Amino acid sequence: DTEVTQTPKHLVMGMTNKKSLKCEQHMGHRAMYWYKQKAKKPPELMFVYSYEKLSINESVPSRFSPECPNSSLLNLHLHALQPEDSALYLCASSQVRITNEKLFFGSGTQLSVL
Amino acid sequence: AQTVTQSQPEMSVQEAETVTLSCTYDTSESDYYLFWYKQPPSRQMILVIRQEAYKQQNATENRFSVNFQKAAKSFSLKISDSQLGDAAMYFCAYRSASEGTYKYIFGTGTRLKVLA
């Protein structure tokens, strides 16, 4: 299994809603990532978890709250988002050891904030 | 700080022809990794090819090959026998080889159109 599975594929939410994005992988990868991508732009790193511990937080607003409950799952909890948060949210995973490391991406969640 | 530059926002190639996408980067590190990722309309990022900086030999994957010039800090992607399925956004990316560094630096991307 070389897949990173993201759900839902599409999400529309109001600015007062609370929602969660889910990411799952079964490749034994111990590093998991959240990226945000606006149209026609490269992905921007938001968070990195290594061995289920938050390693990197790229100064992301607190209305985005990541969670890594176990080595296969990564969640992104959303609350009180703004319209400018509308984007494609990509999850990725990789081995922690640098040798032969590469990112495996999910197909993303297209988020629209109304 | 490292930077990655893709100077071609858009390229076109005729089906079955060859096209080269350019990428330059800036770093003071001697050990690092370079990648080309493809993002088709489905928007899933797919690894095309990976190059270790310490290897002089250019990486190849079937119809995809790179021209890695370490001194010039250049990392171009050559696609041979282009196919309609190659149409996508292509991102060049840099990653430090330092353990515990998880940041990938992406270029701004090159949109490749394949003409039938």
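The structure under discussion appears in the preceding block.
As the structure is a prediction and not an experimental result, all values here were calculated from the model.

### What about the interface of chain B and chain A?
1) Next: Facing 23 residues of chain B, the contacting portion of chain A comprises 30 residues.
2) Next: Summing both partners gives a buried area of about 2,100 Å² for chain B against chain A, and 56% of it is carried by carbon and sulfur.
3) Next: Between the two partners, chain B and chain A, sit one salt bridge.
4) Next: Of the charged contacts in the structure, one is a salt bridge between Glu58 of chain A and Lys103 of chain B, with a shortest N-O distance of 3.1 Å.
5) Next: Along the contact surface separating chain B from chain A lie six residue pairs in polar contact (both at pLDDT 80 or more).
6) Next: Listed by contribution, the elements that provide at least two residues to the side of chain B that touches chain A are β5 (32–39), β6 (46–52), β10 (88–96) and β11 (104–106) of chain B.
7) Next: When its residues are assigned to classes, the side of chain B that touches chain A shows eleven nonpolar, six polar and six charged.

### Description of the sheet that holds strand β7 (residues 64–70) of chain A
All names here are of chain A.
1) Next: With antiparallel pairing, the four strands of this open sheet are ordered in space as β1-β3-β8-β7. Because the sheet does not close on itself, it has two edges, and the strands there are β1 (4–7) and β7. Here the average twist between neighbouring strands, direction ignored, is 20°.
2) Next: In this sheet, strand β8 (residues 73–79) lies alongside β7 in antiparallel orientation, the contact comprising five bridges. Each bridged residue has a counterpart across the sheet, and for Ser65 the counterpart in β8 is His77.

### Describing the packing of aromatic side chains
All names here are of chain B.
1) Next: Scanning the entire structure with this criterion turns up 16 aromatic pairs over all chains.
2) Next: Their ring planes at 20° and their centres at 6.2 Å tell us that Trp36 and Phe75 sit as a pair that is stacked. Of the two residues, Trp36 sits in strand β5 while Phe75 sits in strand β9 (residues 74–79), which places them 39 residues apart along the sequence.
3) Next: Its relative accessible area of 0% is what places Trp36 among the buried residues.
4) Next: Overall, the relative accessible area of 0% leaves Phe75 in the buried class.
5) Next: Aromatic pair Phe68 and Phe75: ring centres 6.3 Å apart, planes at 80°, arrangement edge-to-face.

Parameters at a glance
- Residues numbered from 1 in each chain as written.
- Chains lettered and ligands numbered in written order.
- Predicted model: local features only at pLDDT ≥ 70, side-chain atom pairs only at ≥ 80, totals over all residues.
- Heavy atoms only, no water.
- Contact = heavy atoms within 4.5 Å.
- Buried area = accessible area lost by both parts, 1.4 Å probe.
- Salt bridge = Lys/Arg side-chain N within 4 Å of Asp/Glu carboxyl O.
- Polar contact = N/O pair within 3.5 Å; in protein donor to acceptor, adjacent residues only side chain to side chain.
- Helix = DSSP H or I, 4+ residues; strand = E, 2+ residues; numbered from the N terminus.
- Nonpolar A, V, L, I, M, F, W, Y, C, P; charged D, E, K, R; others polar.
- Pairing = 2+ DSSP bridges.
- Axes fitted to C-alpha atoms, helices over the stretch in contact; angles between N-to-C directions.
- Phe/Tyr/Trp six-rings, centres within 6.5 Å; stacked < 30°, edge-to-face > 60°.
- Buried < 20%, exposed > 50% of the residue type's maximum accessible area, 1.4 Å probe, protein only.

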